[in-house]
Amino acid sequence: MLEVANLEVVYHDVILVLRGISFQLPEGKIVALLGANGAGKTTVLRAITGLLDIQNGDITKGEISVDGKTITKARPSEIVSRGVTQVLEGRRVFGEFTVEENLRVGAHTSKGDTEAHAMRVYDLFPLLKERRKSLAGYLSGGEQQMLAIGRAMMSDPKYLLLDEPSLGLAPLLVQQIRDIIVEINEQGTGVLLVEQNANMALSISEHGYIMETGKIVMDKPSAELMRDEDVQEFYLGLHAGGGERKSFRDVKHYKRRKRWLS
Amino acid sequence: MTTFLQATVAGLSLASIYMLLALGFVIIYKSMQVLSFAHPAIMLFAAYMVSWMAIDKQLNFWLALALGVVAAGVMGWLAERVAVRPMIGKPLFAIAILTIGLDIAIRTPVNNLIGVNIRSVGDPWGFGTLQLGDVVIQHRSIAMVVTAFIVGSLLFAFFRFSRVGLAMRATAIDQEVALAQGISVGRIFSLAWIMAGGMAALAGTFASSDLSGLTQSTYIVALKALPAIVVGGLDSIGGAVVGALIIGLAEAYTATYQSQYLGFLGGNFSQVVPYLVLLIVLLIKPYGLFGTEEVERV
């Protein structure tokens with residue numbers, strides 16, 4: 001279980017970005033973390049994988065633990081070797097490297113069989129195998145996203161954190177990425193899916209958390225979230241009953257409800 | 001023709017020294033975007049260590065050289081850990097000035113140790129030469145070119161095939177992604193300085209191995225590697241090699257032919273040539289021959 005408890009993060013010593021966030025990612029499950037831009041989703045991921053430093057952020061309270069052992073403020077390399085790997089937002093492949101080299105970088109911490117991990121990634125993404133000698137910069141957006149996920153899988157993570165894997169992809173490719181996430185999960189990897197595309201995220205996840213301005217304002221099993229009227233209106237883009245659109249102010253009631261540890 | 005070949009040999013051996021230094025500059029620059037002005041001091045320190053061990057302590061030259069390489073690596077590592085690492089994230093200008101300070105801090109005590117006399121590094125090449133047709137090749141030139149070639153090839157293989165070399169390249173491209181893959185970027189920084197130090201030790205020993213020996217002003221050699229990397233492009237390893245060749249050959253040809261054709265420029269004009277080449281290249285290609293052009297959106 002990857003567990004985040006009461007996490008508080010401050011940027012530049014003054015900007016409070018996360019105000020006490022708690023959630024769990026059980027082993028081998030998919031959990032979705034949803035929210036609008038600026039809600040703090042990416043910050044949560046950065047805090048978990050130890051990448052806050054580079055953005056001048058700091059964990060001021062709370063704890064993050066993997067399988068009962070704390071990794072709060074651990075070094076990124078240690079966190080990766082504990083089995084938690086993040087796919088950064090916006091793909092960020094090494095454009096001047098070949099596909100193969102990109103994967104080798106991903107296997108940096110793995111002491112085991114790099115070949116076997118590579119075979120597994122090529123099985124997941126046959127396309128990458130075809131193009132393994134070409135420069136990653138020449139791949140299409142969807143292929144680059146696959147490469148980014150594949151690169152993260154090279155460290156054989158127990159928990160995979162995906163930051164907006166559907167960003168800027170055509171609906172068909174979003175479908176593909178979705179299927180791959182499901183497949184990765186079926187092979188036993190827990191997935192924390194941070195998404196704007198709530199529809200896709202909720203359709204494959206077990207449980208969903210909704211963030212607003214640095215707090216988790218709602219958390220329910222994904223199926224229930226899908227049926228929730230407010231969620232439907234503001235995250236799934238449906239709106240119930242036709243008629244006039246509701247004002248955001250009227251539905252934000254849940255935001256004011258205090259949510260302590262859960 | 002003989003004169004030309006002779007000048008080429010001299011140019012190649014100069015280029016080997018510049019290349020060993022330039023590669024150090026580039027490796028550091030690539031890993032942390034810092035131009036280390038402390039490099040000349042580290043080179044001088046290493047050359048002194050070799051000289052001290054080989055001459056004062058009567059150690060075997062090769063052993064002394066190996067220890068010198070290690071000492072320079074340690075010095076590079078210390079400089080990085082103590083002075084440069086805490087400055088990461090600060091303006092590059094501040095870090096550059098800091099490395100100048102480091103240069104003075106290391107060079108002053110080393111200068112005192114070297115003293116005013118010319119020291120020898122105790123190299124085994126001496127004045128030995130090899131006659132190839134009409135061309136006379138000094139043994140030390142052969143040693144330099146061979147060493148530079150071996151070091152260059154090893155470095156190439158290291159960056160291409162090894163896990164750590166790949167991690168270094170990845171760090172140079174995108175530090176954050178490198179961190180996210182579990183690469184310990186701090187260790188990569190240290191390694192860059194250690195490698196640069198080791199190569200500077202070789203360069204310093206070679207530079208002090210000829211008639212001029214080791215003096216307080218030997219460090220100027222390292223400053224001439226700066227035009228080499230700027231010509232090649234600050235962040236290109238291949239560029240450092242090409243830049244070193246251009247600068248070394250240009251300097252040697254000028255030394256050979258200038259007094260004959262352009263005598264009015266005075267003696268020792270060849271010392272200025274590296275900077276002249278630098279100026280011309282920058283006028284035509286501001287990012288060097290192989291450097292990454294910075295594209296900025298306005």
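Residues numbered from 1 in each chain as written. Chains lettered and ligands numbered in written order. Predicted model: local features only at pLDDT ≥ 70, side-chain atom pairs only at ≥ 80, totals over all residues.

Some thoughts on the overall build of chain A
Within chain A, the secondary structure is distributed over 12 helices and 10 strands. Taken over the C-alpha trace, chain A has a radius of gyration of 18 Å; the compact-globule value for 262 residues is 18 Å, and the two agree within 12%. If you line up chain A on its principal axes, its C-alpha atoms span 55 × 40 × 30 Å. Per-residue burial over chain A gives 44% buried out of 262 residues. A separation threshold of at least 6 residues defines the contact pool for chain A, and within that pool the share at least 24 residues apart is 67%. (Helix = DSSP H or I, 4+ residues; strand = E, 2+ residues; numbered from the N terminus. Rg over C-alpha atoms; globule rule 2.2 N^0.38 Å. Buried ≥ 20, exposed ≤ 12 C-beta atoms within 10 Å, placed from the backbone. Contact = placed C-beta atoms within 7 Å.)

A word on the overall build of chain B
Of the regular secondary structure elements, chain B holds 12 helices and 2 strands. Listed N to C, the secondary structure of chain B is α-α-α-α-β-β-α-α-α-α-α-α-α-α in terms of helices and strands. Considering only C-alpha atoms, chain B reaches an extent of 60 × 50 × 35 Å along its principal axes. Looking at chain B residue by residue over its 298 residues, the buried ones come to 49%. When contacts within chain B are restricted to residue pairs at least 6 apart in sequence, those whose partners lie at least 24 apart make up 74%.

Regarding the packing of helix α6 (residues 163-173) of chain B against helix α8 (residues 185-207) of chain B
Axes are the key here: two packed helices are described by the angle between their axes and the distance separating the axes. Residue and element names in this part refer to chain B. Relative orientation of the contacting elements α6 and α8 amounts to 105°, with a least axis distance of 10 Å. With respect to each other, α6 and α8 are oriented roughly perpendicular. Together, Ala167, Met168 and Thr171 of α6 and Val185, Ile188, Leu191 and Ala192 of α8 make up the contact between the two elements. Among the residues making up the contact of α6 with α8, the classes are represented as 6 nonpolar, 1 polar and no charged. (Axes fitted to C-alpha atoms, helices over the stretch in contact; angles between N-to-C directions. Parallel < 35°, antiparallel > 145°, perpendicular 65-115°, else oblique. Nonpolar A, V, L, I, M, F, W, Y, C, P; charged D, E, K, R; others polar.)

Here's the deal with unusual backbone geometry
Residue and element names in this part refer to chain A. We note that Lys73 has phi near 60°; this positive angle belongs to a residue other than glycine. Considering the arrangement of structural elements, one finds Lys73 in the loop between β5 (69-70) and α2 (76-81). Note on Lys73: 14 C-beta atoms within 10 Å, which makes it partly exposed. Although it is not a glycine, Arg91 adopts a positive phi angle of roughly 70°. Relative to the assigned elements, Arg91 resides in the loop between β6 (84-87) and α3 (99-106).

With respect to the confidence of the model for chain B
The predicted model of chain B has a mean per-residue pLDDT of 88, with 98% of residues at 70 or higher. The ipTM, which scores confidence in the relative placement of chains, is 0.85 for this predicted complex, and the corresponding pTM is 0.86. (pLDDT = per-residue confidence, 0-100.)

Re the interface of chain B and chain A
In this assembly, 14 residues from chain B lie in contact with 21 residues from chain A. Residue assignment for the side of chain B that touches chain A shows that the elements contributing at least two residues are α6 and α7 (175-180) of chain B. Here the element with the most residues in the side of chain B that touches chain A is α6 of chain B; it accounts for 5 residues. Here the side of chain B that touches chain A is built from residues that sort into 8 nonpolar, 3 polar and 3 charged.

What to know about the sheet that holds strand β2 (residues 15-25) of chain A
Residues and elements named next belong to chain A. Ordered in space as β2-β1-β4-β5, the 4 strands form an open sheet in which the pairing is antiparallel. Strand pairing shows two members of the sheet lacking a second neighbour, β2 and β5, which therefore form its edges. Relative to strand β4 (residues 57-66), strand β1 (residues 2-11) is paired through 8 bridges, and the arrangement is antiparallel. Among the inter-strand pairings, Val4 is bridged to a residue of β4, identified as Ile64. Relative to β4, helix α1 (residues 41-49) is tilted by about 70°, and along the sheet it contacts β1, β2 and β4. (Pairing = 2+ DSSP bridges.)

Thoughts on the pairing of β6 of chain A
All names here are of chain A. Burial along β6 is two-sided: the residues Val84 and Gln86 and Thr85 and Val87 are all buried. Bridging between β6 and strand β7 (residues 159-163) involves 4 bridges; their strand directions are parallel. Bridge assignment links Val84 to a residue of β7, and that residue is Tyr159.

Some details on the sheet that holds β7 of chain A
Residues and elements named next belong to chain A. Spatial strand order, β6-β7-β8-β3-β9-β10: 6 strands in an open sheet with mixed pairing. For this open sheet the edge positions go to β6 and β10 (215-221), each flanked by a neighbour on one side alone. Sheet twist, expressed as the average angle between the axes of neighbouring strands with direction ignored, equals 15°. In terms of strand pairing, strand β3 (residues 30-35) meets strand β8 (residues 190-195) through 5 bridges, oriented parallel. Across the sheet, Val31 pairs through a bridge with Leu192, a residue of β8. Running at roughly 165° to β6, helix α6 (residues 141-153) makes contact with β6 and β7 of the sheet. Across the sheet, helix α7 (residues 171-186) is in contact with β3, β7 and β8; its angle to β8 comes to roughly 155°.

Side note on the pairing of β1 of chain A
Residues and elements named next belong to chain A. Pairing analysis gives 8 bridges linking β1 to β2, with the strands arranged antiparallel. Bridged to Leu7 within β2 is Ile21. Counting the residues between successive antiparallel strands, the hairpin from β1 to β2 contains 3 residues, one of them, His12, with a positive phi of roughly 50°.

Looking at the environment of Gly238 of chain B
Relative to the elements of secondary structure, Gly238 of chain B occurs in helix α11 (residues 237-261). With 86 residues separating them in the primary sequence, Gly238 of chain B and Gly152 of chain B have C-alpha atoms 9.5 Å apart.

Things to note about helix α12 (residues 273-284) of chain B
Residue and element names in this part refer to chain B. Its 12 residues give α12 an end-to-end C-alpha distance of 17 Å, which sits within 8% of 16 Å, the value for a rise of 1.5 Å per residue. Among the residues making up α12, those that are buried are Pro274, Val277, Leu278 and Val281. Buried residues of α12, viewed axially, fall in a sector of 105°; they line one side. Turned more than 90 degrees from where α12 packs its buried face, Leu279, Ile280 and Leu283 sit exposed. The secondary structure elements touched by the buried residues of α12 are α10 (225-232) and α11. (Expected span 1.5 Å × (residues − 1). Arc of directions from axis to C-beta.)

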